[in-house]
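A structural walkthrough
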Amino acid sequence: MAESKQNPPWMSEGQAVLPQQPQKRSWWNNQQQRFPILQKKRGVALLITIMVLPLFGLLGLLALRNRGGGSSESAGGTGSTGLVTDDTYFYGQSEPVYPSPMMTGTGAWADAYTKALNFVKQLTTEEKVSLASGLSSSTGSSGTVNGCSGNIDAIPRMNFSGFCLNDAGQGVRGTDFVSGFPSGLHVAASWNKVLARSRAESMGLEFRVKGVQIHLGPVVGPLGRVVRGGRNWEGFSPDPYLSGALVSETVQGIQSQGVITSTKHFIGNEQETNRQPTGDVESFSANIDDQTLHELYLWPFQDAVKAGTANVMCSYNRVNNSYACANSKLQNGILKTELGFQGAITSDWGAMHAGVASAEAGMDMVMPNSDLWGDNLTKAVKNGSVTEDRINDMATRIMAGYYQLGQDQGFPDPGIGMPADLSKPHDIVDARNISSQKILLDGAIEGHVLLKNRNNTLPLKKPKILSIFGYSAKNPDQWNYKPNGGVAAWTFGGESSYLGRDTAAGFSGHYYEAFSDIAPNGTIFSGGGSGAVTPASVSAPFDALNARALDDRTAVFWDFFNPEPDVTATSDPCLVIVNAFASEGYDRPGLRDDYTDGLIRHVADRCNNTIVVFHNAGVRLVDQWIDHPNVTALIFAHLPGEASGRALVSLLYGESNPSGKLPFTIARNESDYEAFAGPDLPSGQFEKFPQSNFSVEGVYIDYRHFDLKNITPRYEFGFGLSYTTFEYSDLQVTKQNSTNTDEYPTGAIREGGQEDLWDVVATVNATIRNSGDVDGAEVAQLYVGIPNAPAKQLRGFEKPAVNSSATVTVGFELTRRDLSIWDVVAQKWRLQPGKYGVFVGGSSRNLPLTGTLTI
């Protein structure tokens, strides 16, 4: 049972802390304090035994009433109208799993575990609690300690200097002298594991130099179920395998620099609408069945745990009607037991709504702070409401990450490069490294996806006249720090989007405002919210284009403001550079907008060589104009980070060959996505408890949905053009006869789950030939048709560079987990006997090589 809800401020990572209201204890918590035996499993069992017989009769009666049996009396948490008014209606929907498992220190964690145990045994209760409870008044630009998103206090007598926690997945946010890396979505569009690792290493180094011990990322939740989800751009892809491969590289890269990753948001945080309680409306509940959870949403978290992530952030939403940060099934049962997670679980900012219940359910650290912990957690430990074992394990898990990443050996002081107020004099700590420059540019280039290139319009060849239109071509009119706290435009990525107006509204819990589809005040380097970037310098498309035009002596005309600009008839080409914006705090209002589509059609009607470039924070529909005879090329530029302009020019002029592929599916119409195009809203009897039923579609999101429903997309998952062409041949599928292929794994639990899940069952090889006259890189994709599962699922990808006329061989390994389905009865991954389809090619719908694997 959870304590009654506290109405928190509407916060995210790094927001200011507002005064909190007094917390009310629930009836169950009061009974536990009166009768300590009820804190034990045997006490609960005794109570259940006493109550179970009459309860069955009541449940039968409630079932009739919940189906509209005509009674006007209130029962089971419903009012006289059938409206659900109390949490008791949902009790039992999320399985309770207690107690919270102790850290075991298995595998690579053994030494860190021993050091953490020795450290913790010397602490007082108050000091253990301080490790778990954030400092008040220490958050971001409202802070008094530093500019970190959150802080854990020092314990000077133990030579422990504390923790600085800071956003986010695209670079160090909210401070000076840092870089702006490509977004997670942009990395996914590159399909480049090596580049993902290099990006992570460079990014991790900047966090380290700035004195950030815990990096609040990477993001694999949201996965991308809701197509208009406001934070999809922070993560990688709605495909769990692609997200899992890239989060693994990201975790390893960042942590190679001694910085802890807090992989987030665990789990089901697939929409922004109603993400936090507002008035008398609770957070939405992601209702996820066991198989869908394992095969889709948990998959990339499992990869992150196997990669060694030392921290996981629990999410705002409810899961099966239990708040994620107080959900014992998820935290105790799945993360810490099934996946063998050795690190600590940290709350999202303001996501904890119960004190004792969250601790017992497995949460280890609250951020940015909470009256429910701190002194109250100390009291709970001393009066037995929280056991000594639990607080010791919380502190041990937190400190084990510290030792595991070597932060006791020369790590910079917490927040040393994170001044609380950038407008005041402060010591400059420049975190940028010259070695990162190539990574920033290459990452920006490779995440661009060429979707149309009629008659080889691109690359450009020193055009005589270049006309540039669109609001996303130029830099925003303002790029300036504001030290007034809250949701400042620069701090939270809103410079180009009405100076952060919509992001501020979303953060304040106003989920139903008239939000804009676009950022009309300039180009975007990231989306909005806590995942935004604040690079020290930026390259906008117009800057780079104008510099190139000067070198080529090209005449340039431009109009960034007029929806119906004059178009010079002799222009060749015309560039229309626009965007589709998204932000934390609200979900996108649509997947297209009339203003932008009208601008594109207006220019195309007057220019016979119109090239469209979109900076897009997710899916953007194009059917309003894509078949216009004068629209000759289309590039999805996604969110490239600080090197945006330089990257675009490199591609437009052929200095680089496009190699990106779509990490999502682009439909012809929004209705093709069906129910999960947008967020689920409060309705009917659940107006106060919004419900989002993931089991309606199960694992069939994105391309799996289009395959299942036989819907032809405009551009399929994995699609992208190049300035050259590639041919596939010589498929070879080889079963590893030495590998055990019994139906269920038998290995011990290690980080990531049973260790034999990662045994290689088969290998697949194919040959790729560059049949064009330009050097390039091709993303070879492996899909597998697993019995009793979607027709095909991504299970491998490689991106070799292939010179013109050259041939390379690519190889893929298929593990037991790759080929298994989740068995909800056995509670294990099941490798079924039978035939598995094997498909290799350049996209999810261009798979020229087919074969069979027999298990």
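Remarks on the overall build of the chain
From N to C terminus, the chain includes 19 helices and 29 strands. Long-range contacts, defined as pairs at least 24 residues apart, comprise 78% of the intrachain contacts of the chain with a sequence gap of at least 6. By element, 50% of the accessible surface of the chain is carried by carbon and sulfur atoms, the whole surface being about 29800 Å².

Some remarks on the state of the cysteines
Per the counting criterion, the structure on display carries three disulfides. What pairs with C148 in a disulfide is C164, and their sulfur atoms sit 2.1 Å apart. Between C148 and C164 the disulfide shows an S-S torsion of about -105°. By sign, it is left-handed. Residue C148 is located in the loop between α4 (125–132) and β1 (150–152), and its partner C164 is located in strand β2 (residues 163–166); the two are separated by 16 residues in the primary sequence. In this pair, the class of C148 matches that of C164, namely buried.

Quick look at the environment of L296
Along the polypeptide, L296 turns up in helix α8 (residues 290–297). For the pair L296 and I701, spaced 405 residues apart in sequence, the C-alpha separation works out to 9.3 Å. Setting aside residues up to four positions removed in sequence, L296 forms contacts with L223, P240, G698, V699, I701 and R704.

Digging into helix α3 (residues 110–120)
Of the residues making up α3, those classed as buried are A112, Y113, A116, F119 and V120. Across the axial projection of α3, the buried residues extend over an arc of 125°, all falling on one side. Next to the buried residues of α3 lie α4 and α13 (388–404).

As for the pairing of strand β28 (residues 835–841)
For β28, the tally of buried residues reaches five of seven residues, placing the bulk of the element in the interior. As defined by bridge partners, strand β22 (residues 780–785) adjoins β28 across five bridges and the pair is classed as antiparallel. Looking at β28, one finds that Y783 is bridged to F839. Relative to strand β29 (residues 849–854), β28 is paired through six bridges, and the arrangement is antiparallel. Across the sheet, Y836 pairs through a bridge with L853, a residue of β29.

Here's the deal with the confidence of the model for the chain
Across the chain, pLDDT averages 91, with 89% of residues at or above 70. pLDDT under 50 marks residues 1–75. Its contacts with residues more than four places away, or in other chains, come to 129 contacts.

What to know about the environment of D477
Turning to its location among the elements, D477 is positioned in the loop between β11 (465–469) and α15 (501–507). As a C-alpha pair, D477 and E495 span 18 residues in sequence and 7.8 Å in three-dimensional space. Polar side-chain contacts of D477 include one of 3.0 Å to the side chain of K474.

Thoughts on the packing of aromatic side chains
For the coordinates displayed, the defined rule picks out 30 aromatic pairs. With centroids separated by 5.4 Å and ring planes inclined at 15°, the aromatic side chains of Y715 and F719 adopt a geometry described as stacked. Accessibility classification places Y715 together with F719 in one group, the buried group. The rings of W191, Y241, Y703, F717, Y783 and F797 are connected pair by pair, giving a single aromatic cluster.

A closer look at empty space enclosed by the protein
Going through the model one piece at a time under the given rule, you end up with nine cavities of 30 Å³ or more. Computed from the structure, the largest cavity encloses a volume of approximately 160 Å³. In terms of lining residues, the largest cavity is bounded by 19 residues, among which G224, N232, P238, V619 and F664 are the most central. Looking at side-chain class alone, the lining of the largest cavity contains 13 nonpolar, four polar and two charged residues. In this model, the second largest cavity occupies a volume close to 80 Å³.

Some thoughts on the packing of α8 against helix α9 (residues 299–306)
Between α8 and α9, the least distance of the axes is 5 Å, while the angle of their chain directions is 55°. Viewed along their axes, α8 and α9 adopt a mutual orientation that is oblique. Residues L293, H294, E295, L296 and Y297 of α8 pack against W299, P300 and F301 of α9. Taken together, the residues of the contact of α8 with α9 break down into six nonpolar, one polar and one charged.

So, the pattern of salt bridges
Applying the stated criterion across every chain yields a total of 43 salt bridges. We note a salt bridge from K210 to D176, for which the minimum N-O separation is 3.4 Å. Residue K210 is located in the loop between α6 (193–209) and β3 (214–215), and its partner D176 is located in the loop between β2 and α5 (184–190); the two are separated by 34 residues in the primary sequence. For K210, a relative accessible area of 0% gives the class buried.

Regarding helix α18 (residues 644–652)
Of all nine residues that make up α18, eight are buried, and the element is covered over most of its length. Along its buried surface, α18 packs onto α14 (436–446), α16 (541–552), β13 (574–580), β14 (610–616) and β15 (631–636). Downstream of α18 by a residue or two, G654 has a phi angle that is positive, lying close to 80°.

Looking at the layout of surface pockets
By volume, the second largest pocket amounts to about 480 Å³. The leading source of residues in the lining of the second largest pocket is helix α7 (residues 240–255), at six residues. A per-class count over the lining of the second largest pocket returns seven nonpolar, six polar and nine charged.

Looking at the sheet that holds strand β9 (residues 344–347)
Spatially, the six strands line up as an open sheet ordered β1-β2-β3-β4-β6-β9, and their pairing is mixed. In this open sheet, the two strands that pair with only one neighbour each are β1 and β9. Taken together, the two bridges between β2 and β3 define a ladder with parallel strand orientation. The residue bridging L165 from the neighbouring strand is I214, located in β3.

Topic: the packing of α4 against α13
Close contact between α4 and α13 brings their axes to 9 Å; oriented N to C, the two are set at 55°. When the axes of α4 and α13 are compared, the pair comes out oblique. Handedness of the α4/α13 crossing: left-handed. Across from T125, K128, V129, L131 and A132 in α4, the residues of α13 making contact are E388, I391, N392, M394, A395, I398 and M399.

Considering the nonpolar core
Core analysis: the biggest nonpolar cluster contains 149 residues, and L131, W373 and L634 have the highest contact counts within it. Counting residues per element, this core draws most heavily on α13, which supplies eight residues. For W373, the residues in contact, after removing those within four places along its chain, are A132, S133, M352, G355, S358, A359, M363, D364, M365, V366 and M394. In terms of nonpolar packing, the next biggest core, distinct from the first, is built from 25 residues, V761, F812, L819 and L849 among them.

Comments concerning the sheet that holds strand β7 (residues 318–319)
Read across the open sheet, the four strands follow the order β8-β7-β5-β16; overall the sheet is mixed. Each edge of the open sheet carries a strand with a single partner, namely β8 (322–323) and β16 (691–693). Examined bridge by bridge, strand β5 (residues 285–287) and β16 share three bridges and lie parallel to one another. Counterpart to N287 in the pairing with β16 is N693.

Overview of the pairing of β11
Of all five residues in β11, four are buried, a share of seventy percent or more. Both β11 and strand β12 (residues 555–559) contribute to a ladder of five bridges, which runs parallel. By the bridge assignment, I465 is partnered in β12 with A555. As paired elements, β11 and β13 share three bridges and run parallel to each other.

Thoughts on the side chain of S497
With respect to the helices and strands, the residue S497 is situated in the loop between β11 and α15. A relative accessible area of 3% means that S497 is categorised as buried. If sequence neighbours within four positions are ignored, S497 has contacts with I518, A519, P520, N521 and F581.

Calculation rules
Residues numbered from 1 in each chain as written. Predicted model: local features only at pLDDT ≥ 70, side-chain atom pairs only at ≥ 80, totals over all residues. Heavy atoms only, no water. Helix = DSSP H or I, 4+ residues; strand = E, 2+ residues; numbered from the N terminus. Contact = heavy atoms within 4.5 Å. Areas by Shrake-Rupley, 256 points an atom, 1.4 Å probe, with all protein chains shown as cover. Disulfide = S-S within 2.5 Å. Buried < 20%, exposed > 50% of the residue type's maximum accessible area, 1.4 Å probe, protein only. Arc of directions from axis to C-beta. Pairing = 2+ DSSP bridges. pLDDT = per-residue confidence, 0-100. Polar contact = N/O pair within 3.5 Å; in protein donor to acceptor, adjacent residues only side chain to side chain. Phe/Tyr/Trp six-rings, centres within 6.5 Å; stacked < 30°, edge-to-face > 60°. 1 Å grid on protein atoms, 1.4 Å probe; cavity = no way out; pocket = protein on both sides within 12 Å on 5 of 7 lines; lining within 4 Å. Points joined across faces, edges and corners; volume = space filled by probe spheres on them. Nonpolar A, V, L, I, M, F, W, Y, C, P; charged D, E, K, R; others polar. Axes fitted to C-alpha atoms, helices over the stretch in contact; angles between N-to-C directions. Parallel < 35°, antiparallel > 145°, perpendicular 65-115°, else oblique. Salt bridge = Lys/Arg side-chain N within 4 Å of Asp/Glu carboxyl O. Left-handed = near helix turned anticlockwise from the far one by under 90°. Core = buried A, V, L, I, M, F, W, Y, C linked by side-chain atoms within 4.5 Å.

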